[in-house]
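Summary of the model geometry
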Amino acid sequence: MVRCGAAALRKYSNFIDDLRVYVRGGTGGMGYPNLGGEGGRGGDVWFVARERTTLKSIRQKYPQKRFVAGAGANSSVKALKGEKGKDCEVHVPLGISVLDHDGKQIGELNAAGERFLAARGGLGGSLATNFLPCKGQRRTVHLDLKLIADVGLVGFPNAGKSSLLSKISHAKPEIANYAFTTIQPELGKIMYADYKQISVADLPGLIEGAHANKGMGHKFLKHVERTKQLLLVVDISGFQLSMKTQFRTAFETILLLTKELELYKEELVTKPALLAINKMDLPCANDNLDELMTQLENPQDFFHLLEEEMIPENTLEFREVIPISTYTGEGIEELKTCLRKSIDEQAEQVNEEYRKKKLLLLQTSREEQTNRSWHS
């Protein structure tokens, strides 16, 4: 296997997509037995989704990774009802899943401003508790980040995903000549003349066996889940990870990428997908492209090229197949146009489904009202 240099790994491995933190709600305030006073409730710990926030910044700002809300105020002669303790708000990135210590998902934050109650404050002392306060909820939770993007770039190492991202967006990913060029996800935005923006995530390169957590494994695949569409990027000349691994043609590469997505989570292969055939500036690229297009027309006729266990149950249906060269710029503008068209069509489809659902609910409501009026 081709290995990254230690310096490169140190440079790229600072991306954090999982963080374990301790949260504790505030303790309630003491009650006042003589006058029946009630202590204030302890403060709560909230996770609040906020743009331009990262798990890395949370770890840097709070190295202890402990978040504790304020205690409730004691009841007193001047204030029989103690004030609630101060809440603790933790700003987290969009795309966060909150998991308990057993790995069960207990919350999700996908849009700016969404909130999740991580730890509830304890009740203040009252007659029911013999005027003694209760401690706040305390637990350790995992913050698991899955990037949210319109388009996710999927491909084996050195397919040219980082170069493509730098061509179509304002992102400036580091590009090197070793196999695992991209060690961390990169986000970029395609800007159109009418100010429309499409977010694109360049995700670490897959290898065969990624579904079983080989290579970048699940660290990569989980980020595909929240992308709206997939853009497979394939080297027209084929791919070979190292001298010890088997050479794969462009067609075999597409099938293997599909298989890895399918084995990780079947619904991934139902996402809208486009295919970018990269490195069309290489010799024999056009001949290879003609052969690939023939294979894509009837993929089942060529399944014999792969071992049976590597053949996906379902092949991806590509909305567009675009030959490109990130070196010469060939096909880049056409690709941007196709991405825009595909994203717009998907949005229109979602809106149409929403309109139909609302209309159906309205019709059902009217029918129920009519039935009630007849019976009355």
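Up top is the structure these notes are about.
In this report, the structure presented in the accompanying data block is examined.

What counts, and at which threshold
Residues numbered from 1 in each chain as written. Predicted model: local features only at pLDDT ≥ 70, side-chain atom pairs only at ≥ 80, totals over all residues. Heavy atoms only, no water. Pairing = 2+ DSSP bridges. Helix = DSSP H or I, 4+ residues; strand = E, 2+ residues; numbered from the N terminus. Axes fitted to C-alpha atoms, helices over the stretch in contact; angles between N-to-C directions. Phe/Tyr/Trp six-rings, centres within 6.5 Å; stacked < 30°, edge-to-face > 60°. Buried < 20%, exposed > 50% of the residue type's maximum accessible area, 1.4 Å probe, protein only. Lys NZ or Arg CZ within 6 Å of the ring centre and 35° of its normal. Parallel < 35°, antiparallel > 145°, perpendicular 65-115°, else oblique. Contact = heavy atoms within 4.5 Å. Arc of directions from axis to C-beta.

Bridging between strand 5 (residues 96–99) and strand 6 (residues 105–109) involves 4 bridges; their strand directions are antiparallel. Bridge assignment links Ser97 to a residue of strand 6, and that residue is Glu108.

The next subject is the sheet that holds strand 7 (residues 115–119). In space, the 3 strands of this open sheet follow the order 4-2-7, with mixed pairing throughout. Strands with a single pairing partner mark the edges of an open sheet, and in this sheet they are strand 4 (88–92) and strand 7. Strand-to-strand twist of the sheet, defined as the mean angle between neighbouring strand axes without regard to direction, takes the value 30°.

Throughout the structure, instances matching the rule amount to 4 aromatic pairs. Between Phe47 and Phe116, the ring centres sit 6.4 Å apart and the planes meet at 20°, which makes this aromatic pair stacked. Here Phe47, found in strand 2 (residues 45–49), pairs with Phe116, found in strand 7; they are 69 residues apart in sequence, far enough to count as distant. Judged on exposure class, the residue Phe47 and its partner Phe116 are both buried. Look at Phe156 and Phe239: their rings are 5.0 Å apart centre to centre, the planes differ by 20°, and that puts the pair in the stacked class. A residue pair is termed long-range when its members are at least 10 positions apart, and Phe156 in the loop between strand 9 (149–154) and helix 3 (161–168) and Phe239 in the loop between strand 12 (227–235) and helix 5 (250–264) qualify at 83 residues. A relative accessible area of 3% means that Phe156 is categorised as buried. Overall, the relative accessible area of 15% leaves Phe239 in the buried class. For the cation-ring pair, Arg115 lies above Trp46, with the distance from its terminal atom to the ring centre recorded as 4.6 Å. The positively charged end of Arg340 is found above the aromatic ring belonging to Tyr192, 5.2 Å away from the centroid.

With that out of the way, let us pick up the packing of helix 5 against helix 6 (residues 285–297). At a minimum axis distance of 9 Å, the contact between helix 5 and helix 6 shows a crossing angle of 40°. With respect to their mutual orientation, helix 5 and helix 6 come out oblique. For the pair helix 5 and helix 6, the contacting residues are Ala250, Phe251 and Ile254 in the first and Leu292, Gln295 and Leu296 in the second.

Note that Ser166 resides in helix 3. Ser166 sits 24 residues away from Ile190 along the chain, and the two C-alpha atoms are 9.9 Å apart.

Within the span of helix 3, buried status applies to Lys161, Ser162, Leu164, Leu165 and Ile168. Here the buried residues of helix 3 occupy an arc of 160° about the axis, which is enough to place them on one side.

Let us now look at the sheet that holds strand 13 (residues 273–278). Taken in spatial order, the 6 strands line up as 10-11-9-12-13-14 in an open sheet, and their pairing is mixed. If you trace the sheet from one side to the other, it starts and ends with strand 10 (186–191) and strand 14 (318–323), each paired once. Within this sheet the neighbouring strands show an average axis-to-axis angle of 25°, counted without direction. Relative to strand 12, strand 9 runs parallel, the two sharing 5 bridges. Looking at the pairing, Leu153 lines up with Leu231 of strand 12. Its contacts with the sheet put helix 3 on strand 9, strand 10, strand 11 (197–202) and strand 12, and the angle it makes with strand 11 is roughly 160°.

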